[in-house]
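Take a look at the letters that make up each chain.
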Amino acid sequence: MRWKFLALLVFVFLINLDSVFAACTGTDPPSSGSWFVSDTTTCSNIEINMPSNSWINVTGNLTLIGVNLTFNLTGDGKANITVFSNGTLIINATASNDWNIITSNDTALEFAFVTHNSSTLYINKANISEVGWTGANNTGGIYINTINASIYNSNFDNNFRAF
């Protein structure tokens with residue numbers, strides 16, 4: 001009788017495993033290629049490994065809550081986060097021990113982070129590193145070209161230039 005009860009508990013746990021750990025609603029991150037978010041997408045408590053030569057293009061609304069986002073780079077600028085006009089990127093942590101981490105897999109390789117005019121950027125409790133390199137326009141660091149930007153309680157380290 002005990003083993004049946006234990007088996008039932010294991011079964012219930014496995015059924016609910018996805019909701020216990022991590023989830024994305026809306027457009028899931030890709031296993032290869034770029035991530036185009038044109039809808040409302042929210043990812044919570046998940047590790048996202050973006051492949052090299054990939055871009056996160058936001059024309060909709062992307063919310064990251066307690067997310068570890070790593071770009072697997074093969075060279076400087078081989079990936080970027082771009083929030084286009086009328087797009088919204090929210091990087092937030094709701095629990096007191098949650099943080100968002102956005103970085104490169106290699107401290108010698110950096111990615112771009114650009115927000116365009118009329119986009120919205122909100123960052124709270126994030127550690128963002130490995131942004132920017134010596135190169136063309138808008139690659140020196142986090143490039144914010146919008147008046148709709150708010151940044152709180154966050155760390156920016158090991159970037160070519162923070163902003």
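Residues numbered from 1 in each chain as written. Predicted model: local features only at pLDDT ≥ 70, side-chain atom pairs only at ≥ 80, totals over all residues. Heavy atoms only, no water.

K.L.:
I'd love a proper account of the sheet that holds strand β14 (residues 142-144), names of residues and values included.
P.N.:
Strand pairing in a sheet relies on backbone hydrogen bonds, with the paired strands running either antiparallel or parallel. With respect to topology, five strands assemble into an open sheet ordered β2-β5-β8-β11-β14, the strand pairing being parallel. Two strands bound the open sheet, and with one partner strand each, they are β2 (35-37) and β14. Each strand axis lies, on average, 5 degrees off the axis of its neighbour in the sheet, ignoring direction. Of the pairings in the sheet, the one linking strand β8 (residues 79-83) to strand β11 (residues 112-115) comprises four bridges and is parallel in character. Bridge pairing in β11 links Ile-81 to Phe-113. (Pairing = 2+ DSSP bridges. Helix = DSSP H or I, 4+ residues; strand = E, 2+ residues; numbered from the N terminus. Axes fitted to C-alpha atoms, helices over the stretch in contact; angles between N-to-C directions.)

K.L.:
Give me the environment of Ile-151: which residues, what numbers.
P.N.:
As for its position among the elements, Ile-151 is in strand β15 (residues 148-152). Under the relative-accessibility criterion, Ile-151 is labelled partly exposed at 32%. Note: C-alpha distance between Ile-151 and Asn-124 (27 residues apart in sequence) is 5.9 Å. Among residues more than four places away in sequence, those in contact with Ile-151 are Ile-123, Ile-144, Phe-156 and Phe-163. (Buried < 20%, exposed > 50% of the residue type's maximum accessible area, 1.4 Å probe, protein only. Contact = heavy atoms within 4.5 Å.)

K.L.:
Break down the environment of Asn-159 for me, with residues and values.
P.N.:
With respect to the secondary-structure elements, Asn-159 resides in the segment after β16 (155-157). For the pair Asn-159 and Phe-111, spaced 48 residues apart in sequence, the C-alpha separation works out to 9.5 Å. Beyond its immediate chain neighbours, meaning those up to four positions away, Asn-159 contacts Ile-128, Ser-129, Glu-130 and Val-131. In terms of polar contacts, Asn-159 uses its side chain to reach the backbone amide nitrogen of Glu-130, at 3.0 Å. Here the side chain of Asn-159 touches Val-131 through a polar contact of 2.7 Å, landing on its backbone nitrogen. (Polar contact = N/O pair within 3.5 Å; in protein donor to acceptor, adjacent residues only side chain to side chain.)

K.L.:
Any chance you could break down the environment of Ser-118 for me, citing the residues and the numbers?
P.N.:
Following the sequence through the fold, Ser-118 ends up in the loop between β11 and β12 (120-124). The partly exposed category is assigned to Ser-118, whose relative accessible area is 37%. In the structure, Ser-118 is positioned 33 residues away from Ser-85 in sequence and 4.8 Å away in space, judged by C-alpha atoms. For Ser-118, the contacting residues outside a window of four places in its chain are Ser-85, Asn-86, Asn-145, Thr-146 and Asn-148.

K.L.:
Could you give me a rundown of the confidence of the model for the protein chain, with the residues and numbers involved?
P.N.:
Chain-level statistics for the protein chain give a pLDDT mean of 85 and a share of 83% at 70 or above. Ranking the helices and strands of the protein chain by mean pLDDT puts β12 first, with 98, and helix α2 (residues 17-21) last, with 42. Low pLDDT, under 50, characterises residues 3-21; the stretch is placed with two contacts to residues that sit more than four places away or in other chains. (pLDDT = per-residue confidence, 0-100.)

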